[in-house]
Amino acid sequence: MKKGRLEGKFANAIEATFTPYNLVPGLDDPPVLKVMSFEEFSHLQAKEIVRIGSKIIERIEQLFLVYRIVRTGDDFFDFRNLALQMAIELFPDFRFKDDPDLIELLFPLYGLLANGSRAFDYQLLVARMADGCFSINKQPYPSKPGNQLALLWLLADVETVQLERKRSRPFSDSEAIKKLVGQEPFKTRWGGVNAKTLRNWLSAARKLLERSGQRPIPKIN
């Protein structure tokens, strides 16, 4: 696609939070097991997958507007027409306008085994030709505290830091957050967020856990 075709939010990668659920977390894995059950975690991860899917569908519909294609309700016809218009733009030296059937040559070009007999074939082709429109940027945290998985990740990291202290009193929330933004492996996840924002997110995470019926993790001052 030509640069500048999609503007605003459609020009950016889709932000996503995928959190591994490991019974024995690695150095870079959040200890999710500490703060919620596997069933609760699976439910939240499924909601994140549905959210990402809706974003992709939203961008596909935006492509129809960009190429000024009116939806007819026939996905095979609509997506074939969209793929054709995109191909005409991407490959101006090809004779797609004169012979639309040449579009079938693009399936192997984009590494697809499809043959153009189904609507899904052209949906895949559109996704491949759209390139950056459907890119997903894996984020350890979102730009605002709306992602429940990210909040639980933060809560688990704070608890890990607090319990690591060998003295009788664990680190306070403020002390733990200071370590999250300044020490690895936590700095990679939280180093770009200021302490006040993290305290607000931590409070939201505790409320989320209480609503889910899991054991509350007390605030340490």
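None of these values were measured; they are calculated from a predicted model.

### Thoughts on the overall build of the chain
Inference 1: Scanning the chain from terminus to terminus reveals eight helices and two strands.
Inference 2: From first element to last, N terminus to C terminus, the chain shows the α and β order β-α-α-α-α-β-α-α-α-α.
Inference 3: Looking at the chain residue by residue over its 221 residues, the buried ones come to 40%.
Inference 4: Intrachain contacts of the chain at a sequence separation of at least 6 include 58% that bridge at least 24 residues.
Inference 5: Accessible area of the chain: about 12,800 Å², with a carbon and sulfur share of 55%.

### A closer look at the packing of helix 2 (residues 75–90) against helix 4 (residues 119–130)
Any two packed helices are characterised by the angle at which their axes cross and by the distance between the axes.
Inference 1: Taken N-terminus to C-terminus, the directions of helix 2 and helix 4 make an angle of 30°; their axes are 8 Å apart at the nearest point. Overall, the two elements helix 2 and helix 4 adopt an arrangement that is roughly parallel. Crossing angle aside, the handedness with which helix 2 passes helix 4 is left-handed. Across the interface between the two elements, D75, F76, F79, R80, L82, A83, M86, A87 and L90 from helix 2 touch A119, Y122, Q123, L125, V126, M129 and A130 from helix 4.

### A few points about the confidence of the model for the chain
Inference 1: On average, the chain scores 75 in pLDDT, and the residues at 70 or more come to 67%.
Inference 2: By mean pLDDT, the top-scoring element of the chain is helix 2 (92), and the lowest-scoring one is strand 2 (residues 136–138) (62).
Inference 3: Every residue in residues 21–25 is under pLDDT 50, and counting partners more than four places away or in other chains gives ten contacts.
Inference 4: Scored below 50 in pLDDT, residues 141–145 shows 15 contacts in the model against residues more than four places distant or in partner chains.

### Structural notes on the pattern of salt bridges
Inference 1: Tallied over the entire structure, the rule returns seven salt bridges.
Inference 2: Across the pair E61 and R71 runs a salt bridge whose closest N-O atoms are separated by 3.0 Å. With E61 in helix 1 (residues 38–66) and R71 in the loop between helix 1 and helix 2, this residue pair connects regions lying ten residues apart in the sequence.
Inference 3: For R71, a relative accessible area of 31% corresponds to the partly exposed category.
Inference 4: Salt-bridge contacts for D173 lead to R206; the nearest nitrogen and oxygen are separated by 3.0 Å. In this pair, D173 is assigned in helix 6 (residues 173–182) and R206 in helix 8 (residues 195–211), connecting sequence segments 33 residues apart. Judged on exposure class, the residue D173 and its partner R206 are both buried.
Inference 5: One salt-bridge network, in which partners are shared between bridges, spans E61, R71, D75 and D78.

### Regarding the packing of aromatic side chains
Inference 1: Under the counting rule described, the total for this entry stands at six aromatic pairs.
Inference 2: With a centroid separation of 5.6 Å and 85° between ring planes, the pair formed by F76 and Y122 is classed as edge-to-face. With F76 in helix 2 and Y122 in helix 4, the pair connects residues that are 46 residues apart, well separated along the chain.
Inference 3: Members of the aromatic cluster, connected to one another through ring pairs, are F76, F107 and Y122.
Inference 4: In this structure, R71 packs its charged tip against the face of F64, placed 4.3 Å from the ring centre.

### Side note on the nonpolar core
Inference 1: By size, the foremost hydrophobic cluster in this structure holds 25 residues, and its most contacted members are L82, F96, I103, L106 and L125.
Inference 2: Taken together, the elements giving at least two residues each to this core come down to helix 1, helix 2, helix 3 (106–109) and helix 4.
Inference 3: Of all the elements, helix 2 adds the most residues to this core, at seven residues.
Inference 4: Grouped together as the second largest cluster of nonpolar side chains are 21 residues, L44, V158, W190 and A205 included.

What counts and what doesn't
- Along each chain, the written sequence defines residue order, and numbers are assigned to residues from 1.
- Where totals are concerned, whole chains, interfaces and linings use all residues; where local detail is concerned, this predicted model gives features only for residues with pLDDT of at least 70, and gives and counts side-chain atom pairs only at 80 or more.
- Think of the side-chain values as coming from all heavy atoms in the structure, minus any hydrogens and water.
- By the criteria applied, helices consist of DSSP H or I runs no shorter than four residues and strands consist of E runs no shorter than two, each listed in order from the N terminus.
- Note on exposure labels: buried denotes an accessible area under 20% of the residue type's maximum, exposed denotes more than 50%, and partly exposed covers the range between, all computed with a 1.4 Å probe on protein chains only.
- Residue contacts are defined here by distance: any two heavy atoms, one from each residue, within 4.5 Å place the two residues in contact.
- Only the protein chains shown count as covering a residue, and every accessible area follows the Shrake-Rupley method with a 1.4 Å probe.
- Each axis is a line fitted through C-alpha atoms, taken for helices only over the stretch in contact, and angles between the N-to-C directions span 0 to 180 degrees.
- Angles below 35 degrees are treated as roughly parallel, those above 145 as roughly antiparallel, those between 65 and 115 as roughly perpendicular, and all remaining angles as oblique.
- For any helix crossing, the convention is left-handed if the near helix is rotated counterclockwise from the far helix by under a right angle, and right-handed if that rotation is clockwise.
- Confidence scores labelled pLDDT are given residue by residue by the predictor and lie between 0 and 100.
- Counted as salt bridges are all cases of a side-chain nitrogen of Lys or Arg within 4 Å of a carboxyl oxygen of Asp or Glu.
- Aromatic rings from Phe, Tyr and Trp, with only the six-membered ring used for Trp, were paired whenever their centres fell within 6.5 Å, and each pair was classed as stacked if the ring planes differed by under 30 degrees, edge-to-face if by over 60, and tilted otherwise.
- Definition used: whenever NZ (Lys) or CZ (Arg) falls within 6 Å of the ring centre and also within 35 degrees of the ring normal, the charge is taken to sit over that ring.
- The set of buried Ala, Val, Leu, Ile, Met, Phe, Trp, Tyr and Cys residues whose side-chain atoms join them within 4.5 Å is what this entry labels a nonpolar core.

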